[in-house]
Structures are given as structure tokens and as C-alpha cells.
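For reference, the chains in residue letters:
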Amino acid sequence: PICYGSNTMSSCPPSRTLKRLSRHSYISKLQRFQHHPISRDFKILNVDSVDALMQHENSKFLPFYENQCLIDRAKERGQNSTLAFFDWEQIVSGQADKHHDTHPLLIGIVDTKEAYFIVLVKEREPWESQHRQFKQMRSVMPFLSDDESSLLAQGKMLLQWSENNQFCGKCASITELVQESGQSLHRVCPSCKNTVYPRVDPVVITLVVDEKNRRCLLGRKAIFPKGMYSALAGFVEPGESLERAVQREVYEETQILCDRNQIEFVGSQAWPLSNRTAELMIGCLAFIDDADSQTIQTEDELEDAKWFSLDEVEVALAENKRFPAQSSSVGFQIPASYAMAWNLVQTWVTMEKDMDEFSKEKEGFQKSLL
């Protein structure tokens, strides 16, 4: 088997122990797409079935069309667009006009008051108006609040799972959607009784850090926007640990070897912008001590990969905080702040800056003793 890096135990430098404290102070800010306290317990609203819940006065329905969500521009506050919801009677009207494609799918009950559903529609005209318009999720994400983006993320991923499992994987029969109170959401085959539950696909996304030279490794794929570089990412394979997945992905994409004992977990994030799966991004930092002796080599997976200095990425962070920049003063861009890649870079920069402050304080204290 290929050895992607050392598996032996290694001690953690004191400087990194201090940096860990900085990283933990920042981790609470990495929670995009998971702000909503969502429950699937029908009893909260005193109903005993999803059909009764759909007709509840506090139920709201979000139309979804070809990976696009409906935005109500009439409710804009400043630059913030708001998701457009309909009530049960409007959805029933849409069903009568055959503008629906699937049974509404319960996202959940928020704050014990309002139930939210998502429904796939096959035509856009009946739902759009002067103030309502379907938009790609990626384009509206910077404008949505944390609560709205979290609700949309969970709804979109559940809808995608349901649509991808319309047919039984064992006997090809049409499956039936079952929505019960609690967390029991699944599709079941009436022929062979095969049952499929919502699932997520874990993805490791890693910022490789060269501590000696205070730089990080970023790569770009050919499909990225011009000038865009990001952290290295890939799916976890069956039977792999997260550390092993980090080692393998970094090596496969750049030929850089990582020590598994110098890989640190930073945070996780649901990623609803994939058109294929419900991805769970697992953010990591991989520290390497011998970057000068290793050569970056990109083959099939990446178009390019290179080291970027602390000063360069600090500028890129500021330029891409909310939206991907159209141009950059440092010649490259990184993903916007709702992406895990931005947060990994921000975490590393924060750690380095905190270490600089500590060094200054230490130097000042030593001088005071002279």
C-alpha cells in the first residue's frame, strides 16, 4: 500500500499548543447552514400525521425548481432577499393545476411554532411574479440570513435524497415516502420492503500549512472561476479514517506527504450546493515540517496548486468575506465566507496573528525584567 505520510507518534510543538487555543476560540463561528433548531415531532403542533400538519395554519411551503429556490424580492431589507413561502391553500391550487411534481417534504418545525415544507415543482411560471423569482442557491446564499440558509440547506438535501431514491435499488419498484413524527423519514419499497433513509457523504477538506515559512497550500480545478484557489478536498472512502482520508487526498492531488499526527480537526459544515449528494464537509488543518524538501506535483485532479504566504491570504480573506471578488489585488481569490475553505484559511490566519501577539507580549515581558 502507498504510504501517504508518517503514522508514528510525534510531539506537538509548544507554539502549536498555543495556536490550538486560538483555533478553539474561533470554531464557534463556523456554523453556517445549521442555525435552525429543527424538530420533526408533530405533537408540538398537536397533530398526529404529516397530512394534518400540512393543513396547519402555521405551515409554510417553499417551492423548489431545478435546483433553484424561490426568492421574494418584495421582502428585501437592504440587500437581504427572503425565501418565498406559500400556505397550504396555495399549494393545493398548484396541485390542482398540476404544477407540482412530488408530495411536500417536511423540513421540520422551527422554534415549536412553524412547520416548514419543501416541494419540487416542474414549472416556474405559476410561482414567479414581479417580486418572486427562482434563483440558483449559490447566487443567493450571500444574501440569506443564517436561519434562512440553514432551513434551505436541510430542505434541499432532503429533497435531493428523496428524488434520488424514487426507485428501489434492489428490485427497481417505485418506493413510497414515509414521514412519521420524530426523525423517522424514509422511503420504503412495497415489493421487497427495502428501506432507505437520508444519508450524508463525508468529505475531508484540508488546509495544508507550512509553519516554518508561514504559508498554506491551495489548489484549483479547471472548473473553478478564473483565479479561484481553495483548500484540498475529497470524499472519505469506505473503511478510511478521517486522518487517512486527509493524507490520501493531499497526496493524490499534490504529492505532498502529511503526518497523520499533525492533522487537526477544525469544524464541520453541511454543504447543500452539490447537485449529487448531501455532503458533510469536515474541515482540517494539516501541519507539515518538511515542505522545503517536497515538490508539488499536480496531475489529473487539479489544474494548479501552490503555496501562498500569510500576507497574501489575509488580503484574499478580506476581499472575499461575503462575495467572491471579481478581481484581486494579490492575483488570486478564495471562496466566500459561507464556505468551509474560507473558514479554514481564516482559522489559520487567526492562529498566526494570535501567536504574533503572544510573541510581542513575551518579548515585552522579558525586556521589563532587564
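Residues numbered from 1 in each chain as written. Predicted model: local features only at pLDDT ≥ 70, side-chain atom pairs only at ≥ 80, totals over all residues. Heavy atoms only, no water.

Student: Looking at this structure, I do not really get the pairing of strand 6 (residues 114-120). What am I missing?
Tutor: Within a regular beta strand, the side chains point alternately toward one face of the sheet and then the other, so they alternate between its two faces. For strand 6, the tally of buried residues reaches six of seven residues, placing the bulk of the element in the interior. Across six bridges, the pairing between strand 2 (residues 59-65) and strand 6 is parallel. Opposite lysine 60, over in strand 6, you have tyrosine 116 as the bridge partner. Here strand 5 (residues 105-110) runs beside strand 6; their pairing, made up of five bridges, is antiparallel. Each residue of the ladder has a partner; that of valine 110, found in strand 6, is glutamate 114. In this structure, the hairpin formed by strand 5 and strand 6 is closed by a connection of three residues, where aspartate 111 is found at a positive phi of approximately 55 degrees. (Buried < 20%, exposed > 50% of the residue type's maximum accessible area, 1.4 Å probe, protein only. Helix = DSSP H or I, 4+ residues; strand = E, 2+ residues; numbered from the N terminus. Pairing = 2+ DSSP bridges.)

Student: Before we go on, may I ask you to explain the packing of aromatic side chains in this structure?
Tutor: Going through the model one piece at a time under the given rule, you end up with nine aromatic pairs. Both rings, one in phenylalanine 61 and one in phenylalanine 117, keep their centres 4.8 Å apart while their planes meet at 15 degrees; by these two values the pair is stacked. Highlighted residues: phenylalanine 61 in strand 2 and phenylalanine 117 in strand 6, separated in sequence by 56 residues. Relative to tryptophan 127, the ring of phenylalanine 86 lies with its centre 5.1 Å away and its plane at 80 degrees, an arrangement referred to as edge-to-face. Placement of phenylalanine 86 in the loop between strand 4 (80-83) and helix 3 (88-96) and of tryptophan 127 in the loop between strand 6 and strand 7 (132-136) is noted, with a sequence separation of 41 residues between them. With respect to burial, phenylalanine 86 and tryptophan 127 carry one shared label: buried. These aromatic residues form a ring-pair network of at least three members: Phe61, Trp88 and Phe117. In this structure, arginine 220 is placed above the aromatic ring of tyrosine 229, and the distance from its NZ or CZ to the ring centre is 5.9 Å. (Phe/Tyr/Trp six-rings, centres within 6.5 Å; stacked < 30°, edge-to-face > 60°. Lys NZ or Arg CZ within 6 Å of the ring centre and 35° of its normal.)

Student: Sorry if this is basic, but what is going on with the pattern of salt bridges here?
Tutor: Pairs may arise between side chains of opposite charge once their charged atoms sit close together. Applying the stated rule across the entire model yields 15 salt bridges. Here arginine 248 ties to glutamate 240 by a salt bridge, and the two come within 2.6 Å at their closest N and O atoms. Linked through salt bridges whose partners overlap, the residues forming this network are Glu237, Glu240, Arg248, Glu249 and Glu252. (Salt bridge = Lys/Arg side-chain N within 4 Å of Asp/Glu carboxyl O.)

Student: So what exactly am I meant to see when it comes to the sheet that holds strand 8 (residues 176-179) here?
Tutor: The strands that make up a sheet are held in pairs by hydrogen bonds between backbone atoms, and each pair lies either parallel or antiparallel. Strand order in the open sheet made by the three strands is 8-9-10, with antiparallel pairing throughout. The strands lining the two open edges of the sheet, one partner per strand, are strand 8 and strand 10 (195-196). In terms of strand pairing, strand 9 (residues 185-188) meets strand 10 through two bridges, oriented antiparallel. Following the sheet pairing, arginine 187 is matched in strand 10 by valine 196. Helix-sheet contacts for helix 5 (residues 146-164) involve strand 8, strand 9 and strand 10, and the interaxial angle to strand 9 is about 10 degrees. (Contact = heavy atoms within 4.5 Å. Axes fitted to C-alpha atoms, helices over the stretch in contact; angles between N-to-C directions.)

Student: I keep staring at the nonpolar core and nothing clicks. Help me out?
Tutor: Judged by nonpolar contacts, the single largest core of 58 residues is most densely connected at Leu152, Leu207, Leu218 and Val313. With sequence-adjacent residues up to four places away left out, leucine 218 is seen in contact with Leu207, Tyr229, Ser230, Ala231, Asp304, Ala305, Lys306, Phe308, Val313, Phe332, Ile334 and Val345. Counting residues in each nonpolar core, the second largest holds 20 residues, with Phe42, Leu45, Leu53 and Phe86 among its members. (Core = buried A, V, L, I, M, F, W, Y, C linked by side-chain atoms within 4.5 Å.)

Function cannot be read off these values alone, since they describe shape.
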